[in-house]
Amino acid sequence: PFRFDKSQEAFRRATRVIPAGIPGHLGPAEGLHIPHEAFPKFSSKAEGTRFWDLDGNEYIDYMCGYGPNVLGYRDKDVDAAARAQARKEDVVSLPSSIMVDFAELLVDTVASADWAFFAKNGGDTTTLAIMTARAATGRKKIVFIKGFYHGVAPWTQKLDYPGVLEEDVANNLYVPWNDLAALRAMFTEHRGQIAGLIAQPYMHGNFVDNELPAAGYWRAVRALCDEFGVVLIVDDVRAGFRLDLAGSDHYFGFEADLICFCKALANGYNVSALCGKDALKEAVSAITYTGSYWMSAVPFAAGIATLKKLRALEAPALFERLGTQLTDGLVAAASGHGLTLVASGAPSLFYLRLDDPDGSLMLHQEWVAECVQRGVFITSHHNHFINAALTEADIARTIEIADEAFAIVAARHGIEG
Ligand code: PMP
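Residues numbered from 1 in each chain as written. Predicted model: local features only at pLDDT ≥ 70, side-chain atom pairs only at ≥ 80, totals over all residues.

Trainee: Sorry, what's going on with the sheet that holds strand 6 (residues 172-175) here?
Mentor: The strands making up a sheet associate through hydrogen bonds between their backbones, and the pairing can be parallel or antiparallel. An order of 4-10-9-8-7-5-6 is seen for the seven strands of this open sheet, with the pairing classed as mixed. The open sheet has two free edges, formed respectively by strand 4 (115-119) and strand 6, since each of these has just one partner strand. Strand after strand, the sheet turns through a mean of 20 degrees between neighbouring axes, direction not considered. Note: strand 4 against strand 10 (residues 272-276), five bridges, orientation antiparallel. Opposite Trp 115, over in strand 10, you have Gly 276 as the bridge partner. Contacts from helix 6 (residues 180-189) reach strand 5 (141-145), strand 6 and strand 7 (194-199) within the one sheet, and its direction differs from that of strand 6 by about 155 degrees. (Pairing = 2+ DSSP bridges. Helix = DSSP H or I, 4+ residues; strand = E, 2+ residues; numbered from the N terminus. Axes fitted to C-alpha atoms, helices over the stretch in contact; angles between N-to-C directions. Contact = placed C-beta atoms within 7 Å.)

Structure representation (structure tokens):
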């Protein structure tokens, strides 16, 4: 197994000068059964589907920077487009007209997009989406689907989280995923007060098996939003361009009023986009919303190159094929050791859970740690991502390592295949 001495030393330095050492989702996960010393903390280089940690250990990476790596790290076409733009200009007193080219390409690619508004992070676009819904309807309330993640702005957080005011979440309403009766009841109870419904295209929450929409769910949600005058917002920050280049709403057979993109939009270059229908263009135009770097040109060039390459590769079909091959192989390897691995969600964003008869995630966390310490980078509580640089040879190697890890966990717990 790998050693992480340099990572640990850098983390000790980090804790002195950076709050929490590594803040946020790339930091050591709290509440896990496996001590965080069992995982690497810092990377040192990346290429294709791989990265290397500070100690020089090499990983086949299924987290893809938590989404942005969609074509492969340091993709040569995207990097060449970004470098060419950087030689001309990036952040200037006027936007580069390449912003218009990128917006045109998005409108041409995304079925529900009549326009595109650019920002930096996913949370910039989810916040703008709810502001737009409120501006357009003159209503306050927003409906969320339980298990959601829409960023870290106070309105997305919970009342008992530090720094969050009652007022920040006072207009939030929560309904369970895939429950049309609950949604109709909520819409009826708050008739005339609900500005928007914000939802990921399917339930890809953390620490739980992911759940695809039930047959007919999204069409019925669309109809309910129309009936009650509610703006339908799809948060495609995570799933966007992995299920369908035309948008995950298109993939599931409906059209959103507003759709949020970020992670896979520019293969790691820093840009996000809120896209939407013409009916909301005036409302969004009137909102005060901008940032120092939101019109930087280099990420627009990277985004154009990324979308064109994703189209040429017909990437979503490739992701589905690779993701299915991988998860089928992992499930079969587990069963060879008397273990049950549950793969859920879409294959391109697969979620894994090693079933533990006691209902805990202990076995799963042990297996994940054994995989990571052998060069397969996965996590124990979040969906994974496929990128276009992943090969069948990488998948075969991943299954070999996973098999070794299953054997170790099974032997440790006296489980026989
Ligand atoms: N929505 C979803 C579904 C996400 O997965 C994320 C990021 N994990 C966000 C919103 C927030 O994006 P960002 O972290 O770029 O603000």
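Trainee: Would you explain the site of the ligand in this entry?
Mentor: Taken together, Asn 121, Gly 122, Gly 123, Thr 126, Tyr 149, His 150, Gly 151, Gln 200, Asp 235, Val 237, Arg 238 and Cys 262 make up the full set of residues near the ligand. Per-element tally for the shell around the ligand: the top contributor is helix 4 (residues 122-137), with three residues. When grouped by side-chain class, the residues that make up the shell around the ligand number three nonpolar, seven polar and two charged. (Near = placed C-beta within 6 Å. Nonpolar A, V, L, I, M, F, W, Y, C, P; charged D, E, K, R; others polar.)

Trainee: How should the pairing of strand 8 (residues 231-235) be read in this particular structure?
Mentor: Remember that side chains alternate between the two faces of the sheet whenever the strand is regular. Across the five residues of strand 8, five count as buried, placing the element largely inside the fold. Residue alternation in strand 8 divides its side chains into two sets, Val 231, Ile 233 and Asp 235 and Leu 232 and Val 234, and both sets are buried. Handedness of the crossover is the feature at issue here: the chain leaves strand 7, passes through helix 7 (residues 217-228), returns alongside strand 8, and the resulting connection is right-handed. In the sheet, strand 8 pairs with strand 9 (residues 258-261) via three bridges, with the strands oriented parallel. Each bridged residue has a counterpart across the sheet, and for Ile 233 the counterpart in strand 9 is Leu 258. (Buried ≥ 20, exposed ≤ 12 C-beta atoms within 10 Å, placed from the backbone. Right-handed = clockwise from strand over helix to strand, strands pointing away.)

Trainee: Could you clarify how one ought to interpret the domain arrangement of the chain in this entry?
Mentor: Many structure descriptions define interface size as the accessible area lost when the parts assemble. Each domain of the chain was delimited in the assignment, giving domain 1 (5-73 + 315-412) and domain 2 (76-313). The gap between the C-alpha centroids of domain 1 and domain 2 is 27 Å. Each partner contributes residues to the interface: domain 1 has 23 residues there, and domain 2 has 22 residues. Broken down by secondary-structure element, the contributors of at least two residues to the side of domain 1 that touches domain 2 are helix 11 (315-335), strand 11 (341-344) and strand 12 (351-354). By residue number, the principal contributor to the side of domain 1 that touches domain 2 is helix 11, which donates four residues. By residue class, the composition of the side of domain 1 that touches domain 2 is 13 nonpolar, nine polar and one charged. (Domains from an automatic or database assignment.)

Trainee: When you look at the confidence of the model for the chain in this model, what are you seeing that I'm missing?
Mentor: A low pLDDT means the predicted coordinates there should not be read in detail. Of all residues in the chain, 100% attain a pLDDT of 70 or more, and the chain-wide mean is 96. Interface scoring of the predicted complex returns ipTM 0.99; its pTM is 0.97. (pLDDT = per-residue confidence, 0-100.)

Trainee: Help me understand the packing of helix 2 (residues 76-88) against helix 10 (residues 297-313), please; the structure alone is not making it clear to me.
Mentor: The description of two packed helices rests on the angle between their axes and on the distance between the axes. Relative to each other, helix 2 and helix 10 sit at 150 degrees, their axes nearing to 8 Å. Viewed along their axes, helix 2 and helix 10 adopt a mutual orientation that is roughly antiparallel. With respect to the hand of their crossing, helix 2 and helix 10 are arranged in right-handed fashion. Packed against helix 2, whose contacting residues are Asp 77, Val 78, Ala 81, Ala 82, Ala 84, Gln 85 and Ala 86, the element helix 10 presents Ala 297, Val 298, Ala 301, Ala 302, Ile 304, Ala 305, Thr 306 and Lys 309 at the interface. Class assignment of the residues belonging to the contact of helix 2 with helix 10 gives a composition of 11 nonpolar, two polar and two charged. (Parallel < 35°, antiparallel > 145°, perpendicular 65-115°, else oblique. Left-handed = near helix turned anticlockwise from the far one by under 90°.)

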